[in-house]
Amino acid sequence: MASASLSIPIAFWSQSTPTATISATLACDGYVVAGLEEGLIWVFKATCGPTNASFVVGQPKDIVSLEPCTLLVGHSSRITALQSMHVDGDTKSTCEWILISASEDGEVKKWNLIDGRCLQSNPFAFIGVPTYLGVINTVEKTVSGPKFILCAGLSNEACILDATSLEVVRVWGGHQDWVYCTALPGDDQHQSRILSVSADCKLSLWIFDTASLAVVKSKVFEICSKTNDSIVSLVACRQDSSWAALVTRSNVQIVCLQSQKRACYMVPCPEGEALAGAEFVCSKDIIIWTQSGHVFYYSLAELQQRNSHPKVDVLEHSAMEPRYDTSSGESSIGATAAVSDWKPPSDYPPSVMVFSNADSHYFLNLQNTLQGLHCSSANLLGVSSDQHQGKVDSVHGTLVQWHPHKSLTSPSVTFSTMLNDTLVALGHDSGDVRVCPVDEALLGLASGFAQKHSKETTVLKGHIGPISSIFTTDDLMDRSFILTGGKDCSARIWNVESGTEVACFNNHSRPVTHFLQVPDDVNSRVKRSVISIAEDHSIAIISIEEMSCVYLFGGYEHALVSIQWRPPEDYIILWHADETAFVWQMQTGHLDRIVKGETARAIMADSRWKVCEISPRRPTASKRPFDCMTVPLGVPGSKATVPVLVMNLKYVLTILSPTRHTDQPSDQPGSKSSAVISPEPQISTRHRHIFSGQSRISAKAKSGAVEEPAPLSEMARKCLRAAKVVLGLLVTEDDAYAVSIRNLLDISPPTRAIALGLRGAYGNFSIRAPVSESRESDSWCVSPTMTASKLIGILALSKMIATAQDLDVDMDTWSRGYCNATQDSVGQNFCPPSLSFLAKYWQDPQVEIQEVTKTILLSAIGRMSKADIASLVKYWSAFLPAAALPDSCSSQFMARSAIILGIIGAENAEALPEKVRKLAALSLTILLNDDSRVSYKVASIDLLSQGFATWQPFIRADAVLKTLFLMAMDTQTANSLVSRRARRAIAQIALVNPALFATTLTQDILDSKRPSDRVGLLKLISNPTVLYNGIPRLAEAIVKSLDPTVPNMRESLLPVGTSVLLDLVQSYPQLDVHVGSQKLAVGTAEGPIVVYDLHTATRWQILEGHTKTASAVAFSRDGKTIVSCSVKEGSVRFWQPNPGFFGMLMGGSSLWSPKSSSAGGGGGGSGHPGSMPSLSSQQSSRSFDFALQDSIVTGSEEQLLNHIRLEWTGDRVAKLSIYDHIMSFNV
């Protein structure tokens, strides 16, 4: 799975320790995930035993230690539910754990657990507050893992989401008293089970059909509980689907869901306690914990033995004795010496989990403390054995260790934003606002602003205390204005150009948190105004025109959600989180009324009025080359922040290469095939008048001029400086390739105080946690996608900077060397780049991206062992479009498989078994005709042409070529990329199989009925050196297209047909044209020479005499005599064609031969076309023999093309030059 975009988030960590409150937790496969109140998500790597950094003498060896790995940034409200699911990969190293997260506002996101990239997001997944996420498992799984996700919570409806797209596929409602539900493992290919509980504690078992999406109630379980008891959670046993537990404040009821044996066992809560949750340990035990932090451990095996004969359909209620109680003494979780005085807040119960590592299982609890994030753990011994007795080791606690760098940002940045494409505003905890170019901001953040700022930097001083908000718009920047808000409760307007304060407003009693632009046309008095919003949710409307506060509206205890404008009624309505609407009168500025409930909702639902949404600043898909934001790491008001600057690689490359930012035909310099296909040919005046007899065209001179690069714009120069700084931050290795590129491009040495991340779907991104300086290479060891993304960034930036600086260096060779050297220097922990991710950019329209992606991918495949390649091929071959079932995986995944195997087959055909080669070839043809995605079509075009020799035995080669002809002739702007790639593909195929190309092209020209189609086909030919065997038939097709009896056709084809004929004459010595007499002579492989009359577009004469290939022909100056040469035959013949009356009739009437087959090998164009009528034939008037060495005579005719020349030096003298041999013949 690969959803990461080519954007590079760079985080600059400070010494601030994250202090945000935990709201949801999850333990999964060696990782622990903590969702926070502020909407952030921390991913920790969990290890059993002390880490080297935290180990001290006397510390227990059996302890769970957490190391911060990744911070996920995207949600804008409290995280309320977390879940995980496993997805297989093409190799063991690419198997993935996927994290599903839900927030209080109903948004659900999907992340890669290892590297944190966001894969998908749905902001409207759930109406209400989701408190549960469950993976609906069936026997059948797709390549992307389970098919569906169950989302439920504080609502009488549950949603079933598509696990890939997160789209809602089923709303399951109608339960007025529904409280919780949970997904159970399914035992059928298309069915899964769901367990729900109502407010009266009735359990219902439902069957979900994954094919029809129908949900049908199966059973109802009556269980014993207090009717007024509050339900906490409903938990299913993941290892044994026959067990579930209903947790209330006063007890836990464990229910057996077996069809023939239903029993309920009740576990009462200890006196004076309230239960907070429960979780199964394997399939034999369960842990239960209270709000005060006590944890109890019970054995299900003992319970079943004690009640071994329950009656069918009779409910058994028995109290269970705890197997172990961790509440005694120091064993109580949350009651260790370090936090003995800490009590969990009543609103948030302890975050207790079961963490499994191999055969060991642990209690695990995360808590916020004054010292930082605290992790408590206890080992469960004996739970995986068959014995019923087990014990719990003592509970041990430790603080989560952070590894900040030595070079940290100082002063701390508390707010940051982009003012335009290259200008950054950084707000500091000192109250200063620094406005500077991107490159200076990067260097300052990396070095702690130790360097002296340049003249381009402006420092705005005035605020007292940290900056909490910075705001501007394009209109304000045109006037050099920005607005800032601070913890000092003031809002200020600055002139950035002069660095002076324009106005200061002290309208609020709490710090300013937001600024908002007033929409146009809502009220003339607030035109060109800005709204400032404070922590107490009060707002002030500031007029930029008058530099004054025109309105001030008081605050409210609940958060401000949106503002509605009603100009005709002169009202402004403030809508708050508790569904209260404050209606203010604009004219007088007084509060008109307060509306709540249904009436307030109806007012805000009126779509006639403009609404401004108030939401926390979260990442979006920016359209700028650079973006920046400051991520808060603590509770509101905390100074713990991390500034993040994001570089959009593709936008930067576009700015740096304005004349070559997309795939152009010139991206294949020096390739032999580039001479075969050309864009629209420019027809000269001399070409147009070939039929008028004005001149004889000589060989055209090839222009070798190289276009000078255009000078960089001011923005491009700024982007170039920033790109060099970013490259310096990315290239941290000390090997020869890294040092050489730093010296060559004059970039800064590596800076250690950064952490990289990945930007994913909808602008959501992740950043790596700070690591110790000894682990700077860890970014290469995170995930295959992280490695691929970083390599693309480094290689593309290096290549573009070298081009922008006009450096004469072979960057392709350096790129290949850098890929190999990096893997060698990192060692065995290096994560090879993701082939799936690289395949996504294999045919990217950005030339630099495309080129470096190919370099990385081919380098990665080249370093794979035969066993790894075989495993890769086996995995991906199952998902080829020609082999996979439509419902087995997504179309995107099938296309990705065709591209990956197409690349392998094009580079190394032997790596694919014959059956896979056939399926890959057919799959590429399927993509070729797929109009849903241009990128798929472009990839198939290139791969079919690059590996044509591999695919040809398994496809209809002529049909593929005809399809490419149609694509190449498409002149629509929207299809320009496809057209260019098709032209290049045709050229490559022509080199591999010239006969097929010539035969198919000629047949298409003859079959085309519309002049425009023939013109398009003729335009595909420029300097066709690969057309040797098909020249006679192609020439005849062109002549026929100029038939004067079809004037429209002749008029349309005259310019391009003339140009093509001249190119053929200049390229092939066996063709010649005489302008004055309008005759064209064409030598054939069998020996006869066909003479055409271009006036009448007929076959004028057939000259028979040569018995082997006619190597060269030439007209005399008066056009009355033709001289020809056959190297194979060793003879020169002179002809004086004069067909006579009957010859002209027969020649004209029998011009066109029956159509020959255009089958794959295409030999039909090798001889002279059609049968030659005897009356139009003529023998030579004189012949001469000559002898050459055998190496010349036995060589191929194609080798002679550039080494043979036959010309008239006088009226009766012809000269023949073959290599160094020169002969003259006098008639």
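Residues numbered from 1 in each chain as written. Predicted model: local features only at pLDDT ≥ 70, side-chain atom pairs only at ≥ 80, totals over all residues. Heavy atoms only, no water.

K.L.:
Looking at this structure, how should I read the overall build of the protein chain?
P.N.:
Scanning the protein chain from N- to C-terminus turns up 26 helices and 63 strands. A buried classification covers 58% of the 1227 residues belonging to the protein chain. (Helix = DSSP H or I, 4+ residues; strand = E, 2+ residues; numbered from the N terminus. Buried < 20%, exposed > 50% of the residue type's maximum accessible area, 1.4 Å probe, protein only.)

K.L.:
Just checking my understanding: could you explain helix α14 (residues 891-907) for this structure?
P.N.:
Helix length check: α14 (17 residues) gives 24 Å between terminal C-alpha atoms against 24 Å at 1.5 Å per residue, within 8%. A large share of α14 lies buried, amounting to 14 of its 17 residues. (Expected span 1.5 Å × (residues − 1).)

K.L.:
Looking at this structure, how should I read the packing of helix α5 (residues 649-656) against helix α7 (residues 714-730)?
P.N.:
Packed helices, taken two at a time, are described by the angle their axes make and the gap between the axes. Direction vectors running N to C along α5 and α7 enclose 130°, while the axes themselves pass 9 Å from each other. It follows from the interaxial angle that α5 and α7 lie oblique. The crossing of α5 and α7 is left-handed. Contacts between α5 and α7 involve V652, I655 and L656 on the former and, on the latter, M715, A716, C719, L720 and A723. Across the contact of α5 with α7, the residue classes break down as 8 nonpolar, no polar and no charged. (Axes fitted to C-alpha atoms, helices over the stretch in contact; angles between N-to-C directions. Parallel < 35°, antiparallel > 145°, perpendicular 65-115°, else oblique. Left-handed = near helix turned anticlockwise from the far one by under 90°. Contact = heavy atoms within 4.5 Å. Nonpolar A, V, L, I, M, F, W, Y, C, P; charged D, E, K, R; others polar.)

K.L.:
What's the story with the packing of helix α9 (residues 784-804) against helix α10 (residues 811-826) in this structure? I'm lost.
P.N.:
Axis separation between α9 and α10 bottoms out at 11 Å; the angle between their running directions is 155°. Relative to α10, the element α9 lies roughly antiparallel. Read as a crossing pair, α9 and α10 show a hand that is right-handed. Contacts between α9 and α10 pair L791, I794, L795, S798, K799 and A802 from the former with M811, D812, W814, S815, Y818 and C819 from the latter. Taken together, the residues of the contact of α9 with α10 sort by class into 8 nonpolar, 2 polar and 2 charged.

K.L.:
Is there a simple way to explain the sheet that holds strand β58 (residues 1131-1135) in this structure?
P.N.:
Strand pairs in the sheet, formed through backbone hydrogen bonds, run parallel or antiparallel to each other. The 4 strands lie next to each other as β56-β57-β58-β60, forming an open sheet whose pairing is antiparallel. Looking at which strands have only one partner, the edges of the open sheet turn out to be β56 (1112-1115) and β60 (1182-1185). Along the sheet, successive strands turn relative to each other by an average axial angle of 15°, direction set aside. The sheet contact formed by β58 and β60 spans 4 bridges and is antiparallel. Opposite V1132, over in β60, you have F1184 as the bridge partner. (Pairing = 2+ DSSP bridges.)

K.L.:
Whenever I open this one, the pairing of strand β50 (residues 755-759) confuses me. Can you help?
P.N.:
Looking along a regular strand, one sees the side chains alternate between the two faces of the sheet. Counted residue by residue, β50 has 5 buried out of 5 residues, so it is predominantly covered. On β50, burial covers both faces: A755, G757 and R759 on one face and L756 and L758 on the other are all buried. Sheet analysis places strand β1 (residues 7-11) next to β50, joined by 2 bridges and oriented antiparallel. From the neighbouring strand, I10 faces β50, where its bridge partner is L756. Adjacent in sequence and paired antiparallel, β50 and strand β51 (residues 765-768) are bridged by 5 residues, among which Y762 carries a positive phi angle near 55°.

K.L.:
When you look at the pairing of strand β32 (residues 423-428) in this model, what are you seeing that I'm missing?
P.N.:
Among the 6 residues that make up β32, 6 are buried, leaving the element largely enclosed by the rest of the structure. Every second residue of β32 is oriented toward a common face, with L423, A425 and G427 on one face and V424, L426 and H428 on the other, all of them buried. As paired elements, strand β31 (residues 413-418) and β32 share 5 bridges and run antiparallel to each other. Paired with M418 across the strands is V424, a residue of β32. Between β31 and the antiparallel strand that follows it, β32, lie 4 residues. The antiparallel hairpin formed by β32 and strand β33 (residues 433-437) contains 4 residues in its connecting segment, where G431 sits at a positive phi of about 100°.

Worth remembering: the numbers are spatial, not functional.
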